[in-house]
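# An overview of the molecular structure
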Amino acid sequence: MTALDASEATAPTRGKSRAWRKLVANKAALAGLAIVATFAILAILAPLLPIADPLQTSWSAIRKPPSWSHPIGTDELGRDILARMIWGARASLSAGLFSVMLAVSIGVPLGILSGYLGGWFDMIVSRITEAFLAMPFLITAIALAAFLGPSLINSMIAIAMSALPIFIRLTRGQALAVKAEEYVEGARAIGLGPVAIMTRYVFPNVLPPILVQATLTVATAIIAEASLSFLGLGQQPPAASWGSMLNVAKNFLTQAPWMAVWPGGAIFLVVVGFNLLGDGLRDALDPRSA
Amino acid sequence: MYVFIARRLLLAIPTLLIISLFVFSLQKLLPGDPVLVMAGEERDPALLELLRAKYHLNDPIPVQYVAWIGNALRGDLGISLRTNQPVVDLIAEKLPVTLQLALMSMTFALVIGIPLGVLAAVKKNTFIDYLTSVLALSGLSVPNFWLGIMLILLVSVKLGWLPASGYQPFFVDPLLSLKTMLMPSFVLGNALAATMMRHTRSAMIGVLSSDYVRTARAKGLSERAVILSHGFRNAVLPIVTLSALLFGELLAGAVLTEQIFTIPGFGKLIVDAVFTRDYAVVQGVVLCTAIGFISMNLLADVLYVVLNPRMRASL
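Calculation criteria
Residues numbered from 1 in each chain as written. Chains lettered and ligands numbered in written order. Predicted model: local features only at pLDDT ≥ 70, side-chain atom pairs only at ≥ 80, totals over all residues. Heavy atoms only, no water. Helix = DSSP H or I, 4+ residues; strand = E, 2+ residues; numbered from the N terminus. Buried < 20%, exposed > 50% of the residue type's maximum accessible area, 1.4 Å probe, protein only. Contact = heavy atoms within 4.5 Å. Areas by Shrake-Rupley, 256 points an atom, 1.4 Å probe, with all protein chains shown as cover. Lys, Arg positive; Asp, Glu negative; His and termini not counted. Charge placed at Lys NZ, Arg CZ, Asp CG, Glu CD. Expected span 1.5 Å × (residues − 1). Bend = angle between axes of the 7 residues up to and from the residue. Patch = residues over 30% accessible without salt bridge, like charges linked within 9 Å, V, L, I, M, F, W, Y side chains within 5 Å. Salt bridge = Lys/Arg side-chain N within 4 Å of Asp/Glu carboxyl O. Buried area = accessible area lost by both parts, 1.4 Å probe. pLDDT = per-residue confidence, 0-100. Phe/Tyr/Trp six-rings, centres within 6.5 Å; stacked < 30°, edge-to-face > 60°. Core = buried A, V, L, I, M, F, W, Y, C linked by side-chain atoms within 4.5 Å.

## Describing the overall build of chain B
Secondary structure assignment for chain B yields 13 helices and zero strands. Dimensions of chain B along its principal axes, counting C-alpha atoms only, are 85 × 55 × 35 Å. The 315 residues of chain B split such that 49% are buried. Long-range contacts, defined here as pairs at least 24 residues apart, represent 70% of the contacts in chain B between residues at least 6 apart. Just so you have it, chain B exposes about 15400 Å², and 67% of that area is on carbon and sulfur atoms. Mean positive and mean negative side-chain charge positions of chain B (24 and 18 charges, respectively) differ by 16 Å.

Quick look at the structure:
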């Protein structure tokens, strides 16, 4: 084992365990993790939970206030709001996670290539990234969703494309910093090619800030999906999503205020969760706060 | 200084070109023939051919782009399908409404965010600091369309204090105009206030631990003079530039706020255009928002240099 291999094998493990210890010592981050985990478990187990059918309408139960049979009331078609909230968590969380995963899976390789290779490729990628960073996130997402057509999948694509420049720029900056490190120069000196260096040395070292950014962007993406669904550009009826539930609820504010309270409260809570977790991860992974 | 501004203006050109290319390409995402969308119910072959010739749709795509950008530079962003008005006229009509909303929201953000940020820094690690942190986190996490709905429910429906929707131009009835805009501005400015609070707190903490503040205290200056004259004056610089940057965000945030409070502004224009498939309007609004956003970024850069003597000296 060379010195290079040894440092690679031990340093990240030490770093990881230190970061994990700092994360679990941070009460706010743990609270964030608990909130996110609760919503995620509810969303995953939705088909198994003893709740009403979220699409089942009932003309005898239209806009009923909370009761034993409907703990948080019913909507304008007599559907159980609790069931729709839990199924809506699936749409909102999956939109947040998948759009960020898509943005990361395109943005990180492009950012690494741009930062490591430099030259004309970097120039083109950087100019395009800067241009898209100059566009407001929601306006880009609305424009894309409008032209792609309203659907949950298209709203996820629109959000991912809007978040993409953030990840390209962040990864490029990290790749530029890592590229100048001695261990990368060492890897080059022992004859490793650009692909091997980028995958084995640059990629693992750019990951921590990407992880933090991804967690915080999930929060933004959940609000963006809810916003698009609220405008009618995301999840389409009769399927449930928190944003589309709010869109309908605003028309029944005086008759059925509970229709608006719960979906918005859920968005707020889950976004708080991701923000707390993201802030905690940033503190845990920041070497300056060691 | 002028060289710096000229250089920044030149750098904005490629950014604008790329954005214009994106806005132009949006049309190409539409399935089918865009002329059929433009013509609406009218399917007369002669009209379709006329529209194809007018928008150069029989030409190769690069030629179409050059024609489109040429028209845009002359102020021709096309005609709205819905109202039959030029898109530029529609935008000019709606922009003042959104600007009033954005200005009032920015005022809210500054009035709430800066004093609370200063207070949090001065009372660092106390109950007040934790409380402002919770407020900031809530401000950043609450979806503004939900906040709007909840405020309508409480302030308008239950208490009857303010109108739930509508718009009155400021110069027609200033008092009613301010009254109708009060809730929307709070909703839109709330997240910004949270961002301001966080930035002011961290800038003030940095400044308050610096040597010159320690010297000012050692000279026997009152705590008020130390905080306001020595601390805040130096911490305010990044806040001013941040305000310019965030003003651009307000234009985007207005989309949802205007929708909830039925304000006939820029944001409502784009949403209505999306649902009536009025694509020329969508393209026009996106292009204008991007230009506004880039201009605010440029202003932020220039302000930073103008207000920072060290930066000015280094130019």
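## Some words on helix α8 (residues 194–231) of chain A
All names here are of chain A. Taking 1.5 Å per residue, 38 residues should reach 56 Å; α8 reaches only 46 Å between its end C-alpha atoms and comes up short. At Phe203, α8 shows its largest bend, some 40°, and a proline, Pro204, comes one to four positions later. Residue Gly232 follows α8 closely and has a positive phi angle near 95°.

## Observations concerning a nonpolar patch on the surface
A surface patch of nonpolar side chains, about 500 Å² in accessible area, is lined by Leu102(A), Ile106(A), Leu148(A), Ile153(A), Ile157(A), Met161(A) and Leu29(B). Elements with a minimum of two residues in the nonpolar patch: α3 (81–117) and α6 (152–179) of chain A. A total of three residues in the nonpolar patch trace back to one element, the largest contributor, which is α6(A). Assignment of secondary structure puts Ile157(A) in helix α6.

## With respect to the interface of chain B and chain A
In this assembly, 39 residues from chain B lie in contact with 41 residues from chain A. Interface area for chain B against chain A, summed over the two sides, is near 3600 Å², with a carbon-plus-sulfur share of 87%. Counting the surface chain B buries against chain A, the share from its top three residues, Phe22(B), Phe145(B) and Trp146(B), is 16%. Counting across the interface, chain B meets chain A through one salt bridge. For the salt bridge of Asp279(A) with Arg198(B), the shortest nitrogen-to-oxygen distance reads 3.4 Å.

## Section: the confidence of the model for chain B
In the predicted model, chain B carries a mean pLDDT of 85, and the fraction of residues at 70 or more is 94%. With pTM at 0.86, the complex prediction returns an ipTM value of 0.84.

## Things to note about the packing of aromatic side chains
Applying the stated criterion across every chain yields a total of 11 aromatic pairs over all chains. Centroid distance Phe39(A) to Trp242(A): 5.7 Å. Interplanar angle 75°. Geometry classified as edge-to-face. With Phe39(A) in helix α2 (residues 27–45) and Trp242(A) in helix α9 (residues 242–249), this pair connects stretches of sequence that are 203 residues apart. Pair check on accessibility: Phe39(A) and Trp242(A) agree, each one buried. Site record: aromatic cluster; members linked through ring pairs are Phe24(B), Tyr65(B) and Trp68(B).

## A few points about the nonpolar core
Counting 149 residues, the largest nonpolar core has Ile142(A), Trp242(A), Ile267(A), Ile19(B) and Ile270(B) as its most contacted members. Counting residues per element, this core draws most heavily on α8(A), at 17 residues. Aside from chain neighbours lying at most four places away, what touches Ile267(A) is Ile222(A), Ile223(A), Ala226(A), Trp242(A), Leu246(A), Pro143(B) and Phe145(B). Core analysis: the second largest hydrophobic core is formed by seven residues, Ala19(A), Leu23(A), Val212(A) and Leu281(A) among them.

## Some details on the side chain of Lys94(B)
Residue and element names in this part refer to chain B. Note on placement: Lys94 falls in helix α5 (residues 87–122). Classification of Lys94 by relative accessible area gives buried; the value is 18%. Residue contacts for Lys94: discarding those within four places in its chain leaves Pro264, Gly265, Phe266 and Leu269.

## Description of unusual backbone geometry
Here the residue pair Pro237(A) and Pro238(A) is connected by a cis peptide bond, since its omega of 10° sits within 30 degrees of zero. Note on placement: Pro238(A) falls in the loop between α8 and α9. With phi around 60°, Asn125(B) is a residue other than glycine that occupies positive phi space. Among the structural elements, Asn125(B) can be located in the loop between α5 and α6 (127–141).

## Some remarks on the pattern of salt bridges
All names here are of chain B. The tally for this structure, following the rule as stated, stands at 13 salt bridges over all chains. For Arg201, the salt bridge identified is with Asp129, shortest N-O distance 2.8 Å. Of this pair, Arg201 sits in helix α8 (residues 174–208) while Asp129 sits in helix α6, and the two are 72 residues apart along the sequence. Here Arg201 falls in the partly exposed class, since its relative accessible area comes to 23%.

## Quick look at the confidence of the model for chain A
When pLDDT is averaged along chain A, the result is 87; 93% of the residues meet or exceed 70. Ignoring residues within four places in sequence, the model shows residues 1–11 of chain A, a span with pLDDT below 50, making nine contacts including any to other chains.

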